[in-house]
Amino acid sequence: MGVKDLWTIVSPVSEKKSVWNLQNKKIAIDLSAWICDSQNVVDYSSQRNMYLRNLFFRTSFLLLNNCKPIFVLDGDAPELKHKTIIARIQARGGRTGEKTATGSRSRLKALQNQCKQLLTIMGVPWVQAPGEAEAYCAWLNQKGEVEAVITQDSDCFLYGGRVVLRHFMLSPHYTCEENDINSIECKLSLGRFKLLAFSLLCGCDYINGVNGVGKESAVKFLSTVEEYQVLRRLREWRTDPYYKNLELKGSSQLSAEQRLELNIRKKALQDPDFPSQEIIEEFLNPVAENGVTVPEWKWRKPDLPAFIKLADLKLTWEHDYSIEKFLPLLTRWHLKNASIPSPIQCNSIVKKRVVRGMNCFEVRWTADFMTDFEDVQLVTVEPQDLIGNAYKNLYDEYYASKFKPKKDGGKSCSPLPPHQVSQCSTGVNLSLFDLYDNDEVESFEMSAIINGIVSRKLETNVKNRIVDMGRMHDDDDDDDDVVAIDEIDGVTAIDNVVERKFDNIQTNDDVIVIDSDSD
């Protein structure tokens, strides 16, 4: 739960973000939050052990998008939380015993152990927190070791968290909710210490809060106090004679702010322990830094055979399905660690693909350990730059295969990869393969490409000839300047463009670049 009603308070300044924005970021993940999310799913008819299934797909998504997840597991609960744990178990109809009374969390640990096994097979690091997982995540975030924390517990802010992501969702929306302490403090005037005071007044995992004080009254009172004075202010309620003097005055002599504070103070002091110094210390000093180290992030080699066994046992997945879903992790790790011997090898590039604006290849693989699964097609989609670095020969051969020399034996340019455009012998550079050799692109505007070339490179007399050709599919004077791919005969149509303008530019050493990334 965290702090009662806190998510409601900060929701006006929360931002819905695309989970694709987590690329290249190091994230601390409160594993118990994902386990609890999955446990709340009612329909188990289609999938056993939903927490393992969701953990696998979410972690795969993060890894394949260059995110660096560090999973944090809950340790024993602090003594302050023992009563809360017992109450939650009883509310679910469960039985409590000696282990429950000591905060051992035996049921949660059993689920975490299965998750640890899966994460180890995937090669992803995890760390055992000395206490609350969100406290350790917040500590990493506060130290700048991670850029954000994924958790559902709002008390992460009280532990020192800076950026908290909740409602992490993949298909179909691929979104999460970002809560930044800077925005909360700037727009709501609620910093870490005020949020801690809010938890003392309204309740959290360690205390029920002050009876009769709601979130609106608490926030209204906190707006009248400075951030770094608020905890001292709560302590002074019991000892400072200033408040005794205020109580002696008539209500008409007090401001609205003073009346509100006296009302909250009167209710709070009915608890002889208010404000609890033990709770304040738990939030402000949750991690004993002398005994805790920052975990190193390193993606170790994924273990496909071990995953097939685990998926068969825990998820009841068919072997073919397990291979299909796990293969992209193994191939991506291999491409990022190409110098390390691997039982899997890329043997061909099938075609070009574009995935969310990134140039990729669809590639085929062979694997030594796949002798028992000969019918399974080992095909993945990988970024072009990774293939180029790990398999330069295949990369170069693919582009070379796209070059068709002229039938008349004339000079032609060699095809160039999208990121390598250099001058060839004719003085003309072409890189149109992103357009006419891409199955994901159905058409492009030839007139727009040629106009872009003309505006930058050609003189007026060449411009008129090129523009005329760019409109060769627009004889009916309508607005349709789109040339479908199936209307273009391979490189021949491109060569026609070059031939028309080549006579005009070869004498002045001009260079023409046609590229899908240009306008």
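Residues numbered from 1 in each chain as written. Predicted model: local features only at pLDDT ≥ 70, side-chain atom pairs only at ≥ 80, totals over all residues. Heavy atoms only, no water.

Asker: Please explain the overall build of the protein as it appears in this structure.
Answerer: When helices and strands are counted, the protein shows 22 helices and 14 strands. A burial count over the protein gives 49% of its 519 residues as buried. Residue pairs in contact within the protein that sit at least 24 positions apart in sequence constitute 68% of those at least 6 positions apart. In the form shown here, the protein has an accessible surface area of approximately 26,500 Å², with 45% of it arising from carbon and sulfur atoms. (Helix = DSSP H or I, 4+ residues; strand = E, 2+ residues; numbered from the N terminus. Buried < 20%, exposed > 50% of the residue type's maximum accessible area, 1.4 Å probe, protein only. Contact = heavy atoms within 4.5 Å. Areas by Shrake-Rupley, 256 points an atom, 1.4 Å probe, with all protein chains shown as cover.)

Asker: Mind showing me how you'd approach the confidence of the model for the protein here?
Answerer: Caution applies to low-pLDDT parts of the model: their predicted coordinates are not meant to be read in detail. In this model, the protein carries a mean pLDDT of 80, and residues with pLDDT of at least 70 account for 70%. Mean pLDDT in the protein bottoms out at strand S13 (residues 482-484), which sits at 37, and peaks at strand S5 (residues 148-150), which reaches 98. For the stretch residues 421-445, pLDDT sits under 50, and the model shows 86 contacts to residues farther than four places along the chain or on other chains. (pLDDT = per-residue confidence, 0-100.)

Asker: Would you explain the packing of helix H9 (residues 192-202) against helix H14 (residues 277-284) in this entry?
Answerer: The description of two helices packed together rests on the angle between their axes and the distance between the axes. Interhelical geometry of H9 versus H14 gives an angle of 140° and a closest axis separation of 11 Å. One element, H9, and the other, H14, form an angle in the oblique class. The way H9 lies across H14 gives a crossing that is right-handed. Between H9, through Arg 192, Phe 193, Leu 196, Ser 199 and Leu 200, and H14, the contact on the second element is made entirely by Ile 279, Ile 280, Phe 283 and Leu 284. The residue inventory of the contact of H9 with H14, partitioned by class, reads seven nonpolar, one polar and one charged. (Axes fitted to C-alpha atoms, helices over the stretch in contact; angles between N-to-C directions. Parallel < 35°, antiparallel > 145°, perpendicular 65-115°, else oblique. Left-handed = near helix turned anticlockwise from the far one by under 90°. Nonpolar A, V, L, I, M, F, W, Y, C, P; charged D, E, K, R; others polar.)

Asker: Hey, could you run me through the side chain of Asp 180 in this one?
Answerer: Along the chain, Asp 180 turns up in strand S7 (residues 175-180). Buried within the structure, Asp 180 lacks any salt-bridge partner; its nearest side chain of opposite charge belongs to Arg 162, at an N-O separation of 5.9 Å. Each residue touching Asp 180, except ones within four places of it in the same chain, is listed here: Arg 162 and Val 163. (Lys, Arg positive; Asp, Glu negative; His and termini not counted. Salt bridge = Lys/Arg side-chain N within 4 Å of Asp/Glu carboxyl O.)

Asker: Would you mind showing me how to read the environment of Leu 165 here?
Answerer: Here Leu 165 is to be found in strand S6 (residues 163-169). For the pair Leu 165 and Gln 152, spaced 13 residues apart in sequence, the C-alpha separation works out to 7.8 Å. With residues near it in sequence (within four places) discarded, Leu 165 still touches Leu 22, Ala 148, Val 149, Ile 150, Thr 151, Cys 176, Glu 177 and Glu 178.

Asker: Help me out: how do you make sense of the packing of aromatic side chains in this one?
Answerer: In this description, a pair of aromatic rings is defined by centroid distance and the angle of the planes. What the rule picks out here adds up to 27 aromatic pairs. Between Trp 237 and Phe 274 the ring centres are 6.0 Å apart and the planes differ by 15°, which places this aromatic pair in the stacked class. You can see Trp 237 sitting in helix H11 (residues 230-239) and its partner Phe 274 sitting in the loop between helix H13 (256-268) and H14, a full 37 residues away along the chain. The exposure class assigned to Trp 237 is buried, which follows from its relative accessible area of 0%. A relative accessible area of 4% means that Phe 274 is categorised as buried. One aromatic cluster in this structure is built from Phe 56, Phe 57, Phe 307, Trp 317, Tyr 321 and Phe 326. Looking at Arg 58, its charged tip hangs above the ring of Trp 34, at a distance of 5.0 Å from the centre. The ring centre of Trp 20 lies 4.2 Å from the NZ or CZ of Arg 356, which sits over that ring. (Phe/Tyr/Trp six-rings, centres within 6.5 Å; stacked < 30°, edge-to-face > 60°. Lys NZ or Arg CZ within 6 Å of the ring centre and 35° of its normal.)

Asker: How do you make sense of the pattern of salt bridges when you look at a structure like this?
Answerer: Between side chains of opposite charge, a pair can form as their charged atoms come close. Enumeration over the complete set of coordinates arrives at eleven salt bridges. Put simply, Glu 247 and Arg 265 hold a salt bridge, and the shortest N to O gap is 2.8 Å. Taken as a pair, Glu 247 in helix H12 (residues 241-248) and Arg 265 in helix H13 lie far apart in primary sequence, 18 residues in all. Residue classification places Arg 265 among the buried residues on the basis of a relative accessible area of 4%. With a closest N to O distance of 3.8 Å, Lys 325 and Glu 324 form a salt bridge. A relative accessible area of 29% places Lys 325 in the partly exposed class.

Asker: In this structure, what is going on with the side chain of Glu 362? I would like to understand it.
Answerer: Inspection of the secondary structure assignment puts Glu 362 in strand S9 (residues 358-367). Sequence-distant contacts of Glu 362, defined by excluding residues within four places in its chain, comprise Ile 349, Val 350, Lys 351, Arg 353, Val 379, Thr 380 and Val 381.

Asker: Whenever I open this one, the pairing of S9 confuses me. Can you help?
Answerer: The two faces of the sheet receive side chains in turn, since in a regular strand these alternate between them. Pairing of strand S8 (residues 344-355) with S9 involves ten bridges; the strand directions are antiparallel. From the neighbouring strand, Ile 344 faces S9, where its bridge partner is Ala 367. Counted between consecutive antiparallel strands, the loop separating S8 from S9 contains two residues, among which Arg 356 sits at a positive phi close to 50°. Pairing between S9 and strand S10 (residues 379-383): five bridges, direction antiparallel. By the bridge assignment for S10, Val 363 is matched with Thr 380. (Pairing = 2+ DSSP bridges.)

Asker: Looking at this structure, how should I read helix H10 (residues 215-222)?
Answerer: Counting along an α-helix, one turn takes 3.6 residues, and residues three or four places apart therefore face a common direction. Ala 218, Phe 221 and Leu 222 are the residues of H10 that are buried. Around the axis of H10, the buried residues are gathered within 95° of arc, so they sit on the same side. Those residues of H10 that are exposed and angled more than 90 degrees off the buried face are Glu 216 and Lys 220. Contacts from the buried residues of H10 go to H9, H11 and H13. (Arc of directions from axis to C-beta.)

Asker: For this particular structure, what's the right way to read unusual backbone geometry?
Answerer: What is expected of a backbone is that most residues other than glycine have negative phi and most peptide bonds are trans. Cis geometry is adopted by the peptide bond preceding Pro 172, which originates at Ser 171 and carries an omega value of 5°. For the bond from Phe 274 to Pro 275, the omega torsion is -10°, close enough to zero to count as cis. Relative to the helices and strands, Pro 275 is located in the loop between H13 and H14. A positive phi angle, close to 60°, is found at Asn 66, a residue other than glycine. When you line up the elements, Asn 66 lands in the loop between helix H3 (50-64) and strand S3 (68-73). Asn 66 sits in the partly exposed class, given a relative accessible area of 29%. At Arg 356, a residue that is not glycine, the phi angle is positive and equals roughly 50°.

Asker: What exactly am I supposed to notice about the environment of Leu 190 here?
Answerer: In this structure, Leu 190 sits in the loop between helix H8 (181-188) and H9. Sequence spacing of Leu 190 and Leu 222 is 32 residues, and the spatial spacing of their C-alpha atoms is 7.9 Å. Apart from the residues lying within four places of it in its own chain, the contact partners of Leu 190 are Ile 9, Ile 181, Ile 184, Glu 185, Leu 195, Leu 222 and Glu 227.

Asker: What should I look at first to understand the sheet that holds strand S2 (residues 26-30) in this one?
Answerer: Sheet strands pair via backbone hydrogen bonds, and the direction of the pair is either parallel or antiparallel. If you trace the seven strands from one edge of the open sheet to the other, you get S1-S7-S6-S5-S2-S3-S4, paired in mixed fashion. Unpaired on one side and paired on the other, strand S1 (15-18) and strand S4 (126-128) mark the two borders of the sheet. Sheet twist, expressed as the average angle between the axes of neighbouring strands with direction ignored, equals 30°. Relative to S3, S2 runs parallel, the two sharing five bridges. Along S3, the bridge assignment pairs Lys 26 with Lys 68. Running over the sheet, helix H2 (residues 31-39) touches S2, S3, S5 and S6 and is turned about 55° from S2. Against the sheet, helix H6 (residues 106-122) engages S3 and S4, with an angle of about 150° to S4.

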